[in-house]
Amino acid sequence: MTAQSRRVPQWFALTRALFESAKFSRALSLCIVGSAFLTTAIRDVIGWPGVLGVLGALVVLAAGSFAAHWRVVEWQGLLPISLIVFMAWCAVSIVWSTYQWATLAAVLYQWVFAFFAIYLALVRDAIQIVRVVGDVLRVLLAASLALEVFSGLLIDAPIKFLGIAGNLAQGGPISGLFGSRNQLGLVALIAAVTFVVEWRTRSVTTAMALFSVVLAVLCLAFTSSPVIAIVLVIVLIATAVLFGVRHIRNERWKFSVQVAFAALALALAVLAFIFRAPIIELLHGRDVLNVRYDVWIQMWHLIPVQPLLGWGWIGFWRGTLPPYSLINVLTGAPHANGLNAFLDVWLQVGLVGFLLFLLLLGLAMGRSWLLGSNKRSVIYAWPPLILIALLCTSMAESTILTESGWMLLVICTVKASQGMSWRQALPAAPANTDGRL
């Protein structure tokens, strides 16, 4: 074969150069993160076909960029087995699912966001991921607040196709572009953590960081969400403890403080459960709890019907399919999820899936916390704080199971595995010295 025949076509070289470029990777990352957080708004405007079209185009572009960066990615110990096993169990549930086509669609949808997360975690480094999330959430929170001002103050009318009720003049609650006040509150909390980490790593100017934090705080305040208020307190306490532990130089003292904090957190959780009634009354959350309690009771009654394997993975509930149609009828309202990620997983993929999910969360949280408390760079504090926000919200929402919540969980899981995988102790593959693939 001559050198001329082996020459790469110009169009292929140009395409490869495009996919390998840092600017393309950043632009694609912004589109992926933006689309993941905006799926509710996209669905409201152009429906499920529009969502699938956007995600399909991003999958193609991400696959091309992934292929271009394939040889520079170090795979050993990168993809956590706990994540692979949980996703595999969800996929295998197609076999016994009572709604197999819906389970197949839900599994593919889960894989799409997992693929996006893996792409971001492997192709972008930690500070680049934080910058991308920060840039996207700055724009989305500003747009949400602007739309709420337009709806609630300027025209004094709801924007129905976006689910904006126009309640800003009454002090809230507001939902912005995210469909519900709890979802906006969670996004604002994640944004606040991200903005502070950006500031501490000097990724943005102090003025931009201050503007961003004020924006996130305003959104948090106007959501008037008792769920997010509790999560905010927990995240603030965890942040104080994490940064306190990071400044302890004596390893023995650091370990003792970590154990003491874990015991204190467990004790506070028990006390919060015992005194849940006055806490709920203090936060004016009785109506919120009643709605969730009705759903949880119906789920708890249905879990024993398929206790070990579950009914089949579904992600978003389909109101026309049992048992979700039955729950909606008995509670008198339509629900898109179980309003509790743990019960939701147990209902869908059984006790086995529930235990695998706990293993996934436990390893991700443990690894992230240890990295955040032991590594010098403040960037390592981002994954554990994001995971704490997601996990605490999971007690009252199922956000962590789908779309942006699932994507953030996978990103944090993969990044934690990069730093603390047992497979890193295995011998590395021999280097390729003869130039052959």
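Residues numbered from 1 in each chain as written. Predicted model: local features only at pLDDT ≥ 70, side-chain atom pairs only at ≥ 80, totals over all residues. Heavy atoms only, no water.

1. Quick notes on the overall build of the protein
The helix and strand tally for the protein stands at 16 helices and zero strands. By residue count, 49% of the 437 residues in the protein fall in the buried class. Long-range contacts, defined here as pairs at least 24 residues apart, represent 76% of the contacts in the protein between residues at least 6 apart. Here the protein has roughly 21,300 Å² of accessible surface; of this, 71% comes from carbon and sulfur atoms. (Helix = DSSP H or I, 4+ residues; strand = E, 2+ residues; numbered from the N terminus. Buried < 20%, exposed > 50% of the residue type's maximum accessible area, 1.4 Å probe, protein only. Contact = heavy atoms within 4.5 Å. Areas by Shrake-Rupley, 256 points an atom, 1.4 Å probe, with all protein chains shown as cover.)

2. Points about the layout of surface pockets
Its boundaries defined by the atoms lining it, the second largest pocket holds a volume of some 730 Å³. The biggest single contributor to the lining of the second largest pocket is helix H3 (residues 39-69), with four residues. A per-class count over the lining of the second largest pocket returns nine nonpolar, 15 polar and seven charged. (1 Å grid on protein atoms, 1.4 Å probe; cavity = no way out; pocket = protein on both sides within 12 Å on 5 of 7 lines; lining within 4 Å. Points joined across faces, edges and corners; volume = space filled by probe spheres on them. Nonpolar A, V, L, I, M, F, W, Y, C, P; charged D, E, K, R; others polar.)

3. Some points on a nonpolar patch on the surface
On the surface, Val149, Phe150, Leu153, Leu154 and Ile155 cluster together into a nonpolar patch covering about 450 Å² of accessible area. Its location among the elements puts Leu153 in helix H6 (residues 126-154). The exposure class of Leu153 is partly exposed, given its relative accessible area of 48%. (Patch = residues over 30% accessible without salt bridge, like charges linked within 9 Å, V, L, I, M, F, W, Y side chains within 5 Å. Salt bridge = Lys/Arg side-chain N within 4 Å of Asp/Glu carboxyl O.)

4. Brief notes about the nonpolar core
Grouped together as the largest cluster of nonpolar side chains are 110 residues, with contacts concentrated most on Leu137, Leu141, Phe357, Trp382 and Trp406. For Trp406, the residues in contact, after removing those within four places along its chain, are Leu83, Phe86, Met87, Gln110, Phe113, Ala114, Leu360, Thr399, Ile400 and Leu401. Counting 15 residues, the second-largest nonpolar core is a separate cluster that includes Ala102, Ile303, Ile314 and Leu347. (Core = buried A, V, L, I, M, F, W, Y, C linked by side-chain atoms within 4.5 Å.)

5. Some points on the packing of H6 against helix H8 (residues 206-223)
The description of two helices packed together rests on the angle between their axes and the distance between the axes. Viewed as axis vectors pointing N to C, H6 and H8 meet at an angle of 50°, and their least axial separation amounts to 10 Å. The orientation of H6 relative to H8 falls into the category oblique. For the element pair H6 and H8, the recorded crossing hand is left-handed. Taken together, the residues of H8 that come into contact with H6 (itself represented by Arg138, Leu141, Ala142 and Leu145) are Met208, Ser212, Leu215, Ala216, Leu218 and Cys219. Residues of the contact of H6 with H8, tallied by class, amount to eight nonpolar, one polar and one charged. (Axes fitted to C-alpha atoms, helices over the stretch in contact; angles between N-to-C directions. Parallel < 35°, antiparallel > 145°, perpendicular 65-115°, else oblique. Left-handed = near helix turned anticlockwise from the far one by under 90°.)

6. Considering the confidence of the model for the protein
Of all residues in the protein, 87% have pLDDT values of 70 or greater, and the mean over the chain is 85. By mean pLDDT, helix H11 (residues 276-282) is the weakest element of the protein at 62, and helix H4 (residues 81-92) is the strongest at 95. This model gives residues 1-5 a pLDDT under 50, and the stretch forms one contact once residues within four places in sequence are excluded. A low-confidence stretch, residues 425-437 stays under pLDDT 50, and its non-local contacts, those more than four residues away or across chains, total five contacts. (pLDDT = per-residue confidence, 0-100.)

7. Considerations on the packing of aromatic side chains
Taken as a whole, this structure holds 17 aromatic pairs when the rule is applied. Ring centres of Trp48 and Tyr109 lie 5.5 Å apart, and the angle between their planes is 70°; this geometry places the pair in the edge-to-face category. Of this pair, Trp48 sits in helix H3 while Tyr109 is found in helix H5 (residues 100-123), placing the two residues 61 residues apart along the sequence. Judged by its relative accessible area of 38%, Trp48 falls in the partly exposed class. Among the aromatic residues, those joined into a ring-pair cluster are Trp48, Phe66, Tyr109, Phe113, Phe115, Phe116, Tyr119 and Phe316. The residue whose ring lies beneath Lys375 is Tyr380, and the NZ or CZ to ring-centre distance is 5.9 Å. (Phe/Tyr/Trp six-rings, centres within 6.5 Å; stacked < 30°, edge-to-face > 60°. Lys NZ or Arg CZ within 6 Å of the ring centre and 35° of its normal.)

8. Quick look at the packing of helix H9 (residues 226-246) against helix H14 (residues 341-374)
At a minimum axis separation of 7 Å, H9 and H14 run at an interaxial angle of 50°. Considered as vectors, H9 and H14 are oriented oblique to each other. Here H9 contributes Ala238, Val241, Leu242, Val245 and Arg246 to the contact with H14, which in turn contributes Trp369, Gly372 and Ser373. Grouping the constituent residues of the contact of H9 with H14 by class yields five nonpolar, two polar and one charged.

9. Let's talk about the pattern of salt bridges
Scanning all chains against the criterion turns up seven salt bridges. Residues Arg131 and Glu198 are paired through a salt bridge, measuring 3.4 Å at the closest nitrogen-oxygen approach. A residue pair is termed long-range when its members are at least 10 positions apart, and Arg131 in helix H6 and Glu198 in helix H7 (residues 181-200) qualify at 67 residues. For Arg131, a relative accessible area of 25% puts it in the partly exposed group. One salt bridge connects Arg138 with Asp135, and the closest N-O pair in it is separated by 2.7 Å. One end of the pair is Arg138 and the other is Asp135, both in helix H6 and three residues apart, which spans about a single turn. Here Arg138 matches Asp135 in class, with each residue buried.

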